[in-house]
2 protein chains.
Amino acid sequence: MANLLVDERDVKFVLYEQLRLDGFAQSDLYSEFSREMCDMILEAAYKFAENELWPINADGDAQGALLVDGHARAPESFHKAYNLYCENGWPLLSVETECGGQGCPIVLYCAVMESFVAANLAFTAYPGLTLGAARLAQKYGTDEQRSAYMHKMFSGEWGGTMCLTEPQAGSDVGALRTRAKRNPDGTYSIVGNKIFISSGDHDLCENIIHMVLARVEGAPPGTKGISIFIVPKKRIEGGSLVPNDVTTTAVEKKLGIHGSATCALSFGEKDACVGYLLGEENSGMKIMFDMMNEARLAVAFQGLGLASGAYMQALHYAMDRVQGSHYSQMRDPQAPKVPIIEHPDVRRMLMWMKSVTEGVRSLLYYTAFCVDRARTAADQAEAERHRGLIDLLIPIGKAWASDMGFRVTETAVQVYGGYGYCSEYPVEQYLRDIKITSIYEGTNAIQALDLVGRKLTYKQGALFRTFIEETEQVLNRIGDNPRLESVVTLFREARARLVEATTFFAQKGFSGDFLIPVLYASPYLELFGDVAVGFMLLWQAEIADAKLEEIYRNAGADTPEKQARVASESADAGYYCGKLASARFFANTFLSLSAGKAKVIMSGERSAVDVPVEAFLRR
Amino acid sequence: MANLLVDERDVKFVLYEQLRLDGFAQSDLYSEFSREMCDMILEAAYKFAENELWPINADGDAQGALLVDGHARAPESFHKAYNLYCENGWPLLSVETECGGQGCPIVLYCAVMESFVAANLAFTAYPGLTLGAARLAQKYGTDEQRSAYMHKMFSGEWGGTMCLTEPQAGSDVGALRTRAKRNPDGTYSIVGNKIFISSGDHDLCENIIHMVLARVEGAPPGTKGISIFIVPKKRIEGGSLVPNDVTTTAVEKKLGIHGSATCALSFGEKDACVGYLLGEENSGMKIMFDMMNEARLAVAFQGLGLASGAYMQALHYAMDRVQGSHYSQMRDPQAPKVPIIEHPDVRRMLMWMKSVTEGVRSLLYYTAFCVDRARTAADQAEAERHRGLIDLLIPIGKAWASDMGFRVTETAVQVYGGYGYCSEYPVEQYLRDIKITSIYEGTNAIQALDLVGRKLTYKQGALFRTFIEETEQVLNRIGDNPRLESVVTLFREARARLVEATTFFAQKGFSGDFLIPVLYASPYLELFGDVAVGFMLLWQAEIADAKLEEIYRNAGADTPEKQARVASESADAGYYCGKLASARFFANTFLSLSAGKAKVIMSGERSAVDVPVEAFLRR
């Protein structure tokens, strides 16, 4: 199955050949995660994705989550899968062993998630949000709070949510109005309305624990006056659960992820909603931001997973679907019909999807791997270096993976042609589902502002310099390998343009002209994403080239003809050839545009903001 | 209303200031179409779009077309609108006066259609296909066929369809298998299955006339053996209508245009389906191709209309929606909140949508105008010139408008943020509806192959040279106007790269290396689209600049400050400022990438086709 939704060979290439995950077997933290162990987990995950999640993906989409008598219901078919998900222990995979989990490396957890979201994004919203909420309780909760909530959430027995957004406070979180009034017993009374709450209500669990941002009376305005509260759907009173005055007022009808219950919640309609402060008053944003990297990385992996699923489906379709004859025989009506993968334009689309998907996979696995390397680092400096890379790469990965993932699903629809537009085939659902990833956990515009405003400026560009050093190491290893010369040249040129654009922003910032960096933040992030993904594919090409040379040498394949035969007969050789093709194709298609993209950013063109609003429309 | 879905001011700028449509009042053919007359028609169309089509757009989407007891039903709400559409005479707008129509200029008809599709694409599928089928009967039918079918279709009393696609024959039309057997009475018995038939069955009309591609016994294989038949749903026998053995086997569930009945039809299940040959045997493809330009131009206008609707909705939303404070005050929690159009990133997205929509509008209106100019041409050479431009620009317009229109709807979703993902707001429907325009009437890959394989090669590049001459005229008129210098420079550079890429393809073709043009046809079309749209905006900038200078001169506004005041006070001045901004923004954003895009095309990179299929996936 793996190969129906995720290219298992490519996943293993990233994990073992590029990142050398098996090296962790020497670390204290991950000593149990030998390659055999990791393979076993991946295999189980792919089976679960194939046998349980994928078969209910279309059904969950068709049924949708519904509001019935004031309560949200997950699609009927999700219930069995959710119970199995918990029974199999998937919720505990990444949870620390001291909390009863398996404590697996984050990059492995992410690899598992890639296959789960590829199979059924809507389903994963339920356990996904729960884990995030549980992590908050784990990190900031009192002992009492941890024992009351954390374990039941980690196991999946109870659900969890993050309640940030309000009708007037989306990207501008500081504008939220939900109020918290101190009660004499140390609890708080919560009153307010939240919208767009993923898994805000459902019938998969007996209780749901909401993490609610609210403002305590008298708190300062803006983000500095926000606190965070644990607000259970049903609160624990003397060993039993009693309703806590949380009302589900709506389940949104949406473009995609129909099976995920996106709820509007009303807290304290009867003034009987009790919240428990998490951490200290007015530290809500700090606490929430602490989870931001994890949440945004998760969304980036959603972009990857759906791109992967759509690409693999389109690939299988193109290999099976026979229509038209080879372009060289187009005028001969008797010419044999061929699978559409033989048509150059279809092949080009598939190679586009392949290179983007593989490049994003590498970038995101690398980012997740940095989390593991920070955790297992020998010293503070090394840990700091990896944390810096995470901070820098997360907004890029989140935005680039979701935006380009959307293009991958769009391209999948084109490969299917008319069938791609029909619900009978799976790609139109991918297109609808993936769009949310450009929006939630901070729209991609917010990611770009975070990159330009925070990550680039941190310690006068220290994070950016670390990234450049990482690329330099790979370039040094490649040296003047003639087989990679064209890719190296395109990459060096693109990197130089990125450095120029970055310096340009820095100069603007120093001189107090913030408009240009703000106006061009999104195009800049796109350029950075191109270079970062191009870097990953170059790095992979270095490895694939060496392996391929070794295979050729061992097979005595010393002519192009012999090498071609080896490549079509040996699974490994074929894969490495494809990997080199991804790198060449991506460099040519994306990195050739870097000079132009940098020129746009540095043009100083500001028509958009210089003209009055009336130039758009006079009402 | 116009300004809710279509920017009426911009439409009138194109029609009267750029194309000088009112000049037609001097022609014999269009002498009745004075500016007053055109304005009246536009006003009536915008009212109809606003009052009748737009209010049922979301309902048609939610209800969808349904198959009930073997018969397709249009959404209930479409019935009243369809009757009004016919009563108001809209089906006859572009039909020749000698056939009982109004005989309006095609560009005006297209302007009307832009507003109708912006309001409700699914609805327009019903009358749209009917007109196409009626045109076939008009042009190729016998007198008997014309009198039997044409008038009832022109009036909208009967519907019409085009039946090309079969399960194994989509892009490869030549593979179709529907058979036609000669009957002794000169009719034919039709047997076969067709899929993806827009308006293939519905309950808006009492009868539907299918134009069916089929193969007569003994016909040659491939496209040369295809004939076209008139196959009524109910045939006329002795003055009454009797069923003609056409069965509706399915109504497709689709990503979008839910209200449009996309049917699978079975002809001759009981061997009792009678077809009437249109034209001669084996001339079906020629006849169908003759209508292809019209059909593809219609789809291009669908791309434009949906982009326009999505842009205008997002623009209104961004002007009304208040959230966040101005970027220069972001750290002050007390700073006033502003409409999101004040945020630079939102403004940039809107300017992107504005420039693309206006540029596409100009390109498509210009193409439609060429149809009118060919019709009213003083001599054969002039007519030929305009027909050449039509042939060249239609594949570009169809593919670029639909692909970039899709990006406009995607950007509209981003402007709305989380709300954009919710069905309660209109933009997610635009995103779903517009996707079909990249697929039907020839996928965009087919358009690219048509451009590269037929249009570029026609008379050794004669059409391409005509296009270049057209651009040269505008450049000559602009001369060295310093206010347009930056746009002119970017355009000249982009045009030079397009010429290079075109020459490169020509050289490849001469040397018999067709792979590269076939492999890079789609990227080439994209580059051509950028240049063609950039040309249109440059041409518009020339006009807007002159008008603006005149306004400033008349107002005595001789300083930037005075000019800014005039621009925000005078509707015309504000509009022209916006037009200049569109040209500058587009040139900077799109044309700056032309050098890179040409480099990609001319790279010769062919990894995608050089690697074996096993490099993608070993099964």
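Residues numbered from 1 in each chain as written. Chains lettered and ligands numbered in written order. Predicted model: local features only at pLDDT ≥ 70, side-chain atom pairs only at ≥ 80, totals over all residues. Heavy atoms only, no water.

Asker: Honestly, the overall build of chain A in this entry has me stumped. Any pointers?
Answerer: Of regular secondary structure, chain A possesses 21 helices and 14 strands. Its C-alpha atoms give chain A a radius of gyration of 25 Å, near enough to 25 Å, the size a compact globule of 619 residues would have. Principal-axis analysis of the C-alpha atoms gives chain A an extent of 85 × 60 × 60 Å. For chain A, the proportion of its 619 residues judged to be buried stands at 64%. Contacts spanning at least 24 positions in sequence make up 74% of the contacts within chain A whose residues lie at least 6 apart. Of the roughly 22200 Å² that chain A leaves accessible, carbon and sulfur atoms contribute 51%. Across chain A, the centroid of the 62 positively charged side chains sits 4 Å from that of the 77 negatively charged ones. (Helix = DSSP H or I, 4+ residues; strand = E, 2+ residues; numbered from the N terminus. Rg over C-alpha atoms; globule rule 2.2 N^0.38 Å. Buried < 20%, exposed > 50% of the residue type's maximum accessible area, 1.4 Å probe, protein only. Contact = heavy atoms within 4.5 Å. Areas by Shrake-Rupley, 256 points an atom, 1.4 Å probe, with all protein chains shown as cover. Lys, Arg positive; Asp, Glu negative; His and termini not counted. Charge placed at Lys NZ, Arg CZ, Asp CG, Glu CD.)

Asker: Honestly, helix H5 (residues 76-87) of chain B in this entry has me stumped. Any pointers?
Answerer: In an α-helix, one full turn covers 3.6 residues, which means residues spaced three or four apart are oriented alike. Residue and element names in this part refer to chain B. Taken as a whole, H5 has its buried residues at Ser-77, Phe-78, His-79, Ala-81, Tyr-82 and Tyr-85. Contacts from the buried residues of H5 go to helix H3 (35-53), helix H4 (57-63) and helix H6 (106-140). In the stretch just after H5, Gly-89 is the one whose phi turns positive, near 80 degrees.

Asker: I would appreciate a short explanation of the interface of chain A and chain B in the present structure.
Answerer: Often, the extent of an interface is quoted as the loss of accessible area upon association of its parts. Opposite the 103 residues of chain A that make contact, chain B presents 103 residues. In total, chain A and chain B occlude about 8900 Å² of area from one another, counting both sides; carbon and sulfur atoms represent 64% of this. The shortest N-O distance in the salt bridge between Arg407(A) and Glu410(B) comes to 3.2 Å. Between the two partners, chain A and chain B, sit 50 residue pairs in polar contact (both at pLDDT 80 or more). (Buried area = accessible area lost by both parts, 1.4 Å probe. Salt bridge = Lys/Arg side-chain N within 4 Å of Asp/Glu carboxyl O. Polar contact = N/O pair within 3.5 Å; in protein donor to acceptor, adjacent residues only side chain to side chain.)

Asker: Even after reading the chapter, I still don't get unusual backbone geometry, so can you show me in this structure?
Answerer: For residues other than glycine, phi is negative in most cases, and the peptide bonds are mostly trans. Its identity is not glycine, yet Arg20(A) carries a phi of approximately 55 degrees, on the positive side. Summarising the element assignment, Arg20(A) is placed in the loop between helix H2 (8-18) and helix H3 (35-53). Overall, the relative accessible area of 56% leaves Arg20(A) in the exposed class. Positive phi, normally seen in glycine, also occurs at Lys459(B), with a value near 45 degrees. Structurally, Lys459(B) can be placed in the loop between helix H13 (444-455) and helix H14 (462-478).

Asker: I keep staring at the domain arrangement of chain A and nothing clicks. Help me out?
Answerer: Its domain assignment divides chain A into domain 1 (20-152), domain 2 (159-282) and domain 3 (444-605). Centre-to-centre, using C-alpha coordinates, domain 2 of chain A lies 43 Å away from domain 3 of chain A. (Domains from an automatic or database assignment.)

Asker: Looking at this structure, I do not really get empty space enclosed by the protein. What am I missing?
Answerer: Taking a probe equal in size to a water molecule and rolling it over the atoms shows the remaining empty space. Residue and element names in this part refer to chain B. Counted under the stated rule, the structure contains four cavities of 30 Å³ or more. By volume, the largest cavity amounts to about 80 Å³. Broken down by element, the lining of the largest cavity gets its largest block of residues, six residues, from H6. Its residues assigned to classes, the lining of the largest cavity shows 10 nonpolar, three polar and no charged. (1 Å grid on protein atoms, 1.4 Å probe; cavity = no way out; pocket = protein on both sides within 12 Å on 5 of 7 lines; lining within 4 Å. Points joined across faces, edges and corners; volume = space filled by probe spheres on them. Nonpolar A, V, L, I, M, F, W, Y, C, P; charged D, E, K, R; others polar.)

Asker: In this structure, what is going on with the relation of the copies chain A and chain B? I would like to understand it.
Answerer: These two copies of the chain differ by a rotation about an axis and a displacement along the same axis. Mapping chain A onto chain B leaves a residual RMSD of 0.0 Å; the transformation is a rotation of 180 degrees accompanied by 0.0 Å of translation along its axis. The two molecules are tied by a two-fold rotation axis, judged by turn and shift. Interface overlap between copies is the fraction of interface residues in one copy that are interface residues in the other; for chain A against chain B it reaches 100%, indicating a shared surface. (Least-squares fit on C-alpha atoms with pLDDT ≥ 70 in both.)

Asker: Explanation requested: the pattern of salt bridges in the structure shown.
Answerer: A side chain of one charge can pair with a side chain of the opposite charge if their charged atoms are brought near each other. Applying the stated criterion across every chain yields a total of 88 salt bridges over all chains. When the shortest N-O distance is used, the salt bridge between Lys547(A) and Glu17(A) registers 3.3 Å. A residue pair is termed long-range when its members are at least 10 positions apart, and Lys547(A) in helix H17 (residues 521-555) and Glu17(A) in helix H2 qualify at 530 residues. In this structure, Arg619(B) and Asp320(A) form a salt bridge, with 2.7 Å as the shortest nitrogen-oxygen distance. Taken together, the positions of Arg619(B) in the segment after helix H21 (607-610) and Asp320(A) in helix H9 (residues 292-320) put the pair across two chains. Here the salt bridges share partners, and the residues they tie into one network are Asp10(A), Glu114(A), Lys354(A), Glu358(A), Arg361(A) and Lys579(A).

Asker: Looking at this structure, I do not really get the environment of Ala44(A). What am I missing?
Answerer: Here Ala44(A) lies in helix H3. Sequence separation between Ala44(A) and Gln26(A) is 18 residues; the distance between their C-alpha atoms is 24 Å.

Asker: Explanation requested: the layout of surface pockets in the structure shown.
Answerer: Of the pockets and cavities examined, the second largest pocket occupies roughly 1000 Å³. Lining the second largest pocket are 41 residues, and of these Asp61(A), Ala62(A), His258(A), Arg432(A) and His258(B) sit closest to its centre. For the lining of the second largest pocket, the secondary-structure elements that each account for two or more residues are helix H4 (57-63), strand S1 (66-68) and helix H12 (427-434) of chain A together with H4 and helix H12 (427-434) of chain B. Per-element accounting of the lining of the second largest pocket gives the leading share, six residues, to H4(A).

Asker: In this structure, what is going on with the packing of aromatic side chains? I would like to understand it.
Answerer: Two aromatic rings, taken as a pair, are described by how far apart their centres are and by the angle between their planes. Residue and element names in this part refer to chain A. Tallied over the full model, the rule gives 75 aromatic pairs over all chains. Judged by centre distance (5.0 Å) and plane angle (50 degrees), the ring pair of Tyr-419 and Tyr-425 falls under tilted. On the basis of relative accessibility, which here comes to 14%, the residue Tyr-419 falls in the buried class. By way of ring pairs, the aromatic residues Tyr-366, Phe-464, Phe-467, Phe-491, Phe-504, Phe-505, Tyr-524, Phe-528, Phe-535 and Trp-539 are connected into one cluster. A cation over an aromatic ring shows up here: Lys-435 above the ring of Phe-406, its NZ or CZ 4.7 Å from the ring centre. (Phe/Tyr/Trp six-rings, centres within 6.5 Å; stacked < 30°, edge-to-face > 60°. Lys NZ or Arg CZ within 6 Å of the ring centre and 35° of its normal.)

Asker: I would appreciate a short explanation of the confidence of the model for chain A in the present structure.
Answerer: Interpretation of the predicted coordinates at a detailed level should be avoided for regions scoring low in pLDDT. Looking at chain A as a whole, the pLDDT averages 96, with 100% of positions reaching at least 70. For this predicted complex, the interface confidence reaches an ipTM of 0.97, while the overall pTM sits at 0.98. (pLDDT = per-residue confidence, 0-100.)

Asker: Sorry if this is basic, but what is going on with the environment of Val531(B) here?
Answerer: Residue and element names in this part refer to chain B. By the secondary structure assignment, Val-531 is in helix H17 (residues 521-555). When its relative accessible area of 0% is taken as the criterion, Val-531 is described as buried. Residues Val-531 and Phe-585, spaced 54 residues apart in sequence, show a C-alpha to C-alpha distance of 14 Å. With near-sequence residues (within four places) excluded, Val-531 lies in contact with Phe-467, Phe-491, Ala-494, Arg-495, Leu-498 and Leu-591.

Asker: Honestly, the environment of Gly256(B) in this entry has me stumped. Any pointers?
Answerer: With respect to the helices and strands, Gly256(B) occurs in the loop between strand S10 (246-251) and strand S11 (262-267). Using a relative accessible area of 0% as the deciding quantity, one classes Gly256(B) as buried. In the structure, Gly256(B) is positioned 216 residues away from Glu472(B) in sequence and 41 Å away in space, judged by C-alpha atoms. For Gly256(B), the residues in contact, after removing those within four places along its chain, are Tyr421(A), Arg432(B) and Asp433(B).

Asker: Explain the packing of H17(A) against helix H19 (residues 571-589) of chain A here, please?
Answerer: To describe two helices that pack against each other, one gives the angle between their axes and the distance between the axes. Residue and element names in this part refer to chain A. At a closest axis distance of 8 Å, the pairing of H17 and H19 adopts a crossing angle of 145 degrees. Taken as a pair, H17 and H19 cross one another with a handedness that is left-handed. For the pair H17 and H19, the contacting residues are Asp-530, Val-533, Gly-534, Leu-537, Gln-540, Ala-541, Ala-544, Asp-545, Lys-547, Leu-548, Ile-551 and Tyr-552 in the first and Asp-572, Ala-573, Tyr-576, Cys-577, Lys-579, Leu-580, Ser-582, Ala-583 and Phe-586 in the second. Here the contact of H17 with H19 is composed, by residue class, of 13 nonpolar, three polar and five charged. (Axes fitted to C-alpha atoms, helices over the stretch in contact; angles between N-to-C directions. Left-handed = near helix turned anticlockwise from the far one by under 90°.)

Asker: Looking at this structure, I do not really get the packing of H3(A) against helix H5 (residues 78-87) of chain A. What am I missing?
Answerer: All names here are of chain A. Close contact between H3 and H5 brings their axes to 11 Å; oriented N to C, the two are set at 160 degrees. As the angle between them shows, H3 and H5 are arranged roughly antiparallel. Crossing of H3 over H5 shows right-handed handedness. Every residue of H5 that contacts H3 at Phe-48, Glu-52 and Leu-53 is listed here: Lys-80, Ala-81, Leu-84 and Tyr-85. Of the residues belonging to the contact of H3 with H5, the class tally is five nonpolar, no polar and two charged. (Parallel < 35°, antiparallel > 145°, perpendicular 65-115°, else oblique.)

Asker: Would you take a moment to explain the pairing of strand S6 (residues 208-216) of chain A for this structure?
Answerer: Residue and element names in this part refer to chain A. Buried residues dominate S6, accounting for nine of its nine residues. Here S6 shows no split at all, with Ile-208, His-210, Val-212, Ala-214 and Val-216 on one side and Ile-209, Met-211, Leu-213 and Arg-215 on the other all buried. Strand direction decides the pairing type here: strand S3 (residues 159-163) and S6, joined by five bridges, are parallel. Bridging from a neighbouring strand, Met-162 pairs with Met-211 of S6. Bridge count for S6 against strand S7 (residues 227-232) is six bridges, and the pairing is antiparallel. Counted as the bridge partner of His-210 is Val-231 from S7. (Pairing = 2+ DSSP bridges.)

Asker: Explain the side chain of Thr178(B) here, please?
Answerer: Structurally, Thr178(B) is set in the loop between strand S3 (159-163) and strand S4 (179-182). Leaving out residues up to four positions away in the same chain, Thr178(B) has contacts with Glu166(B), Ile190(B), Val191(B), Gly192(B), Asn193(B), Lys194(B), Val212(B), Leu213(B), Ala214(B) and Arg215(B).

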